[in-house]
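Summary of the model geometry
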Amino acid sequence: MNVLFMGRWDLAGAYLANRFLSEGHTACWITGEDQRALWHPRLRGSIYRGTFGAQQIAPILTSNRIDTVVFLTGALRENAPGAAYESCIPALAALLEALREHRVQTFVYLSSVELGYGGALTPLQADLAAGELYCQAHQSHFGLPLLIARLGYVYAPVPPGDMGYTGALLARMARGEPVICPCSAGDCVDVIHAEDAAAALYDLVRVRAAGRYLVVTGHPVPLAEYFACLGRAAGCEPDVTWQAQRPTLPPGDFDPRPLQLATGWIPTHLFAQDGVDTLGRALAMPASAPSGAPRPVRVPLARLRAWLARHAPLRTLGETLLLFAATSLLLRFGKDVSDLKYVDIRLMFVALTACCYGGEMGVLAVVLASLSYLYSLAASYVDTAYLLYSVDTWLPFVVYAVTGSVLGYIVNRRREDTDALRRRYDLLEEKYRRVEALQTETQDLKNRLQQQLLNTKHSFGDLYRIVLELDAQQPEQLLQRGIGVVQQVLECEKAAVYYVDVPAGCARLLTCSPALEGSAPAVLGLAELERLRLAFRRGGLFVNTGLLADHPDLAAPVWYDGQPYAFVAAYDIAPDKFTTYYQDLFRVVVSLLEKNLLRALSYEKARRSERCVAGTALLKPEAFAEKLALLRGEGGRALCRFTLGRVQPPAGLDAAAVGRALGGMIRKTDYMGQDETGGYAVILTNTPPEQAEELAVRFARAGFHWEVVPS
């Protein structure tokens, strides 16, 4: 991203600029301040100083390809009440006018949570609120992608003069001066670390958020505790006068959840925990230079030094020549000194130059020393022809050459080794920065995922609630609860459970959601069931990716003794619920349902001898009454539709014979038993009364009389 910051120096803006630049983005700053930099000296960005109108801002936006703009308001947001200030509206108006012709992806306006406090606004806050309204007007009329970030009090380990309102209070307490607070001691404020504020703002810009967000920690502290922390950092007891004229927000209104849901951000610093230590370090820092301080004037020597630093070879050559000039002067004025008679000053010059500047300057020093030696011979009226034919006179030149070349080679070799080590160090430093960036990104991702995990509807607490909800001993009640859980998880209104009747080659409806009552098929034929059974055998889950009619969107089996006992089906689910995440979640819910259903069926099987007539499935009066009450449900909500009928058996049949006879005439999903009068009754599940009348013919053929009991 290419980010433009505009406005006077801002603590939160400075940390945000550092974050953008350290992440590899480019940044520039338009400011009226003469000297200060918004970002760290090691980071690079463009700074435009002065007062700029819309016509001057437009070329800056175009040339830098700005796609994100941050308007800084620290001078208003963090200034003490009653302090002198400069309105932000003229600069904001010029910037917004320039942005009418230059489209950006995000415009960030830094505001304050104090605008939501009770009571009248101060002039500074009124100016800040006017800026919000001005930005919102451009959003409505010109489509400005506006992000308003209302920050709490910002603190950081910086000099108190750079910390806004908190720093001003800290400095006053350090000087032993009293403090006047317009609020009461019980009111709360949210104090956020500048690093956390920058991380939150960076995440909001990165996800292209729009609207108004509170950039707060969500852990407000009472003002009494806030001033106590300032006092401990300043090393004195705070002297605070409470005016109780303007209440702050209730603690619950310092809510960062919209910000956290949008970005996954969580604060890493809490004022109650590390505020005293951070403010103590801030007091020990030297004050920064005032923004209006004059620039230092560069003297000519400093300019020359800066020019030589940019032209190192010329500087080296100049220093070598100066050293040769000093050597020549020493030779000229020291020839009459007896102590220097045994010292070869030219050799010393060659050795010193080669050791300081390496082989190239060493060769130059050899040439200069040789010329100096020749000049001294000529000045002594020695014939130069003598030098050519007398080998003994070559010795000084050889010594100069050997000394300069050997020492120069050694120095060059050491420099090459040093450069190699420096390159290795730079490579390691680059790797370290990459690893550090990767670690930071991983930490941010971990924090974001952790926050999303805590905020998601399907958290561990929700799964634990599902486990408790599916803890039932009655299969009918368990299946009905399972339907409710499936509806909650998939956010659908239609779900059903079918019993798989393998001998009959069909599936019979056990229970369904209210939206399916009357419309869900009571029986699924073999053709429809075969597709489901094939999907169950392959992967254990049927997903209607082909959008087949009369098929559920999702279905999963419930196994019992190696056979599909039933399956859970969901209908009309949203398109985004077909993802692997929701498929796995549906599979987990059905698995929990299967585990509890197997336990419930085993429990009923173990109690069958005491609940049923021996050798039959005919329920005894107590068990039948319990089953009937269970099906009728609580609060008028039946577990499923059913028809209750009384059966009059032929004379001479005992209870066991009646149970065996009725067992061959009803379905496995139906119930039979003895009622409270000692007679016999049958419960036909998912069967309306008009269909139940058709069974009277079947009962009559066996000699039984059937009569429907009104519900």
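This is a predicted model, so every value here is computed, not measured. (Residues numbered from 1 in each chain as written. Predicted model: local features only at pLDDT ≥ 70, side-chain atom pairs only at ≥ 80, totals over all residues. Heavy atoms only, no water.)

Things to note about the confidence of the model for the protein chain
Looking at the protein chain, pLDDT values average 82 and 88% of them are 70 or higher. Per-residue pLDDT, averaged within each element of the protein chain, yields its smallest value for helix H11 (residues 300-310) (59) and its largest for strand E4 (residues 68-71) (93). In this model, residues 289-299 is a region of pLDDT below 50 whose contacts with residues beyond four sequence positions or in other chains number 15 contacts. (pLDDT = per-residue confidence, 0-100. Helix = DSSP H or I, 4+ residues; strand = E, 2+ residues; numbered from the N terminus. Contact = heavy atoms within 4.5 Å.)

Considerations on the layout of surface pockets
Here the largest pocket defines a volume of roughly 1500 Å³. If you go around the largest pocket, you meet 43 residues; those closest to its centre are Tyr-15, Asn-18, Arg-19, Ser-22 and Glu-195. A per-element tally of the lining of the largest pocket places helix H16 (residues 395-455) first, with 9 residues. Residues of the lining of the largest pocket, tallied by class, amount to 18 nonpolar, 13 polar and 12 charged. Put simply, the second largest pocket is a space of about 1200 Å³. Lining the second largest pocket are 36 residues, and of these Tyr-565, Leu-601, Glu-604, Lys-668 and Tyr-671 lie nearest its centre. (1 Å grid on protein atoms, 1.4 Å probe; cavity = no way out; pocket = protein on both sides within 12 Å on 5 of 7 lines; lining within 4 Å. Points joined across faces, edges and corners; volume = space filled by probe spheres on them. Nonpolar A, V, L, I, M, F, W, Y, C, P; charged D, E, K, R; others polar.)

What to know about the sheet that holds strand E23 (residues 705-709)
One open sheet accounts for 4 strands, arranged E21-E22-E20-E23; its pairing is antiparallel. Single-partner strands in this sheet number two, and they are strand E21 (671-674) and E23. Averaged over all neighbouring strand pairs, the angle between strand axes comes to 30 degrees, with direction disregarded. Sheet topology places E21 next to strand E22 (residues 680-685); 4 bridges connect them, and they run antiparallel. Bridging across to E22, Gly-673 finds its partner in Ala-681. Each of strand E20 (642-648), E21 and E22 is contacted by helix H23 (residues 655-663), which is oriented at about 165 degrees to E21, the strand it contacts most. (Pairing = 2+ DSSP bridges. Axes fitted to C-alpha atoms, helices over the stretch in contact; angles between N-to-C directions.)

Regarding the sheet that holds strand E1 (residues 2-6)
On the basis of which strands lie adjacent, the open sheet formed by 7 strands has the order E3-E2-E1-E4-E5-E6-E11 and parallel pairing. Edge positions in the sheet fall to strand E3 (46-49) and strand E11 (211-215), since each of these pairs with one other strand and no more. Direction aside, the axes of adjacent strands within the sheet are offset by 20 degrees on average. Its contacts with the sheet put helix H7 (residues 194-206) on E4, strand E5 (106-112), strand E6 (146-151) and E11, and the angle it makes with E11 is roughly 155 degrees.

A short note on the nonpolar core
Counting 69 residues, the largest nonpolar core has Phe-5, Leu-38, Tyr-226 and Phe-227 as its most contacted members. Examining the composition of this core, we find that 9 residues originate from one element, H7, more than from any other. Setting aside residues no more than four positions away along its own chain, Tyr-226 makes contact with Tyr-153, Tyr-165, Thr-166, Leu-169, Val-189, Val-191, Val-221 and Phe-271. (Core = buried A, V, L, I, M, F, W, Y, C linked by side-chain atoms within 4.5 Å. Buried < 20%, exposed > 50% of the residue type's maximum accessible area, 1.4 Å probe, protein only.)

Considerations on unusual backbone geometry
Its identity as a non-glycine residue notwithstanding, Ala-244 has a phi of 50 degrees, on the positive side. Relative to the helices and strands, Ala-244 resides in the loop between strand E13 (240-242) and helix H9 (257-263). A positive phi angle, close to 55 degrees, is found at Glu-491, a residue other than glycine. In this fold, Glu-491 is placed in the loop between helix H18 (475-490) and strand E14 (494-501).

Regarding the pattern of salt bridges
Scanning all chains against the criterion turns up 19 salt bridges. Between Arg-36 and Asp-162 there is a salt bridge; the shortest N-O distance is 3.2 Å. In this pair, Arg-36 sits in the loop between strand E2 (26-31) and E3 while Asp-162 sits in the loop between strand E7 (153-155) and helix H6 (164-174), placing the two residues 126 residues apart along the sequence. Residue Glu-177 is joined to Arg-175 by a salt bridge in which the shortest nitrogen-to-oxygen separation is 3.0 Å. (Salt bridge = Lys/Arg side-chain N within 4 Å of Asp/Glu carboxyl O.)

A word on the environment of Met-665
Its location among the elements puts Met-665 in the loop between H23 and E21. With a relative accessible area of 10%, Met-665 lands in the buried category. Once the C-alpha coordinates of Met-665 and Arg-698 are considered, the two residues, 33 residues apart in sequence, prove to be 7.5 Å apart.

Regarding the packing of aromatic side chains
Here the structure, examined in full by the defined rule, presents 15 aromatic pairs. Relative to Phe-227, the ring of Tyr-226 has its centre 5.3 Å away and its plane inclined at 70 degrees; by these criteria the two rings are edge-to-face. This pair shows no difference in class: Tyr-226 is buried, exactly as Phe-227 is. An angle of 75 degrees between the planes, with centres 5.3 Å apart, marks the rings of Tyr-499 and Tyr-565 as edge-to-face. (Phe/Tyr/Trp six-rings, centres within 6.5 Å; stacked < 30°, edge-to-face > 60°.)

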